Amino acid sequence: MRLELATASAGETERIAAALVTRLRPGDVVTVSGELGAGKTTFVRGACRALGVTSPVTSPTFTIGHRYVGRVPVSHLDLYRFTSVSPAEWGDLEPYFDDAVVFVEWPEAGLATLPAPRIAVTLEHARADARRILLAADEDALLEGMTPC
Ligand code: ADP
Ligand code: MG
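Residues numbered from 1 in each chain as written. Chains lettered and ligands numbered in written order. Predicted model: local features only at pLDDT ≥ 70, side-chain atom pairs only at ≥ 80, totals over all residues. Heavy atoms only, no water.

## Regarding the coordination of the magnesium ion (ligand 2)
Taken together, the protein donors to the magnesium ion (ligand 2) comprise Thr41 (OG1), Ser59 (OG) and Glu105 (OE), at separations of 2.2 to 2.7 Å. Of note, the donors binding the magnesium ion (ligand 2) are all from one chain and are spaced T-x17-S-x45-E. With a gap of 18 residues between them, threonine 41 in helix H2 (residues 40-50) and serine 59 in the loop between H2 and strand E3 (65-69) connect regions that are remote in the sequence. By relative accessible area, threonine 41 is classed as buried at 14%. Given the relative accessible area of 34%, serine 59 is considered partly exposed. (Donors = N, O, S within 2.8 Å, 3.2 Å for Na, K, Ca; no water. Helix = DSSP H or I, 4+ residues; strand = E, 2+ residues; numbered from the N terminus. Buried < 20%, exposed > 50% of the residue type's maximum accessible area, 1.4 Å probe, protein only.)

This is the structure in structure tokens:
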């Protein structure tokens with residue numbers, strides 16, 4: 001199932017993310033694609049808050065990832081600097097996938113290596129503060145009832 005939502009503000013993007021992730025469990029992977037400034041980290045922040053994470057949620061661009069404590073463990077990865085993921089690099093990444101809901105910004109380099117995402121999110125710039133959010137999931141139930149907040 002594919003769904004396209006429109007958002008008019010960062011807060012609205014956070015609320016859409018929050019509505020989406022109540023359906024997720026540890027072990028689930030969500031890829032978050034889109035160009036710089038599209039709102040990937042904003043989306044992950046909204047998702048993390050809904051999962052009970054209270055610590056700051058910032059882009060892990062200068063580290064491989066963050067692991068947060070929420071109602072469930074949450075991992076936040078950024079593969080911006082990767083062109084592919086070697087077996088050695090997968091060794092470094094794998095612990096983030098252990099018993100956590102995982103969000104992956106710039107997932108393109110890892111698509112062949114990482115566990116398959118349950119939901120693929122793509123953010124696109126529209127005018128000013130408007131963004132399009134494209135959601136894709138093999139299981140229709142994951143996206144059912146998602147409407148612009
Ligand atoms: P990325 O991680 O994709 O580089 P960020 O989430 O770090 O993007 O930054 C997005 C920026 O755009 C933030 O400053 C955010 O406040 C702003 N913004 C404005 N409108 C929106 C919107 N509708 N959705 C998400 N972010 C928005
Ligand atoms: Mg980011």
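Continuing now.
## Remarks on the sheet that holds strand E1 (residues 2-7)
Taken in spatial order, the 7 strands line up as E1-E7-E6-E2-E5-E4-E3 in an open sheet, and their pairing is mixed. Two strands bound the open sheet, and with one partner strand each, they are E1 and E3. Each adjacent strand pair in this sheet contributes to an overall mean axis angle of 20°, direction not counted. Sitting on the sheet, helix H1 (residues 10-21) is in contact with E1, strand E5 (101-105), strand E6 (119-125) and strand E7 (131-136), with an inclination near 150° to E1. Docked against the sheet, H2 engages strand E2 (29-33), E3, strand E4 (73-78), E5, E6 and E7, running at close to 170° with respect to E5. (Pairing = 2+ DSSP bridges. Axes fitted to C-alpha atoms, helices over the stretch in contact; angles between N-to-C directions. Contact = heavy atoms within 4.5 Å.)

## Quick word on the site of ligand 1
Around ligand 1 sit 16 residues in total, of which Thr13, Gly37, Lys40, Thr42 and Asp129 are the nearest. One nitrogen or oxygen atom from the main chain of alanine 38 is found 3.3 Å from an oxygen atom belonging to ligand 1. It is H2 that contributes the most residues to the shell around ligand 1, 3 residues altogether. Within the shell around ligand 1, the residues separate by chemical class into 4 nonpolar, 7 polar and 5 charged. (Near = heavy atom within 4 Å. Polar contact = N/O pair within 3.5 Å; in protein donor to acceptor, adjacent residues only side chain to side chain. Nonpolar A, V, L, I, M, F, W, Y, C, P; charged D, E, K, R; others polar.)

## Some words on the pairing of E1
Of the two faces of E1, the one holding Leu3, Leu5 and Thr7 is buried and the one holding Arg2, Glu4 and Ala6 is not buried anywhere. One ladder, built from 6 bridges, connects E1 with E7; its direction is antiparallel. Across the sheet, glutamate 4 pairs through a bridge with leucine 134, a residue of E7.

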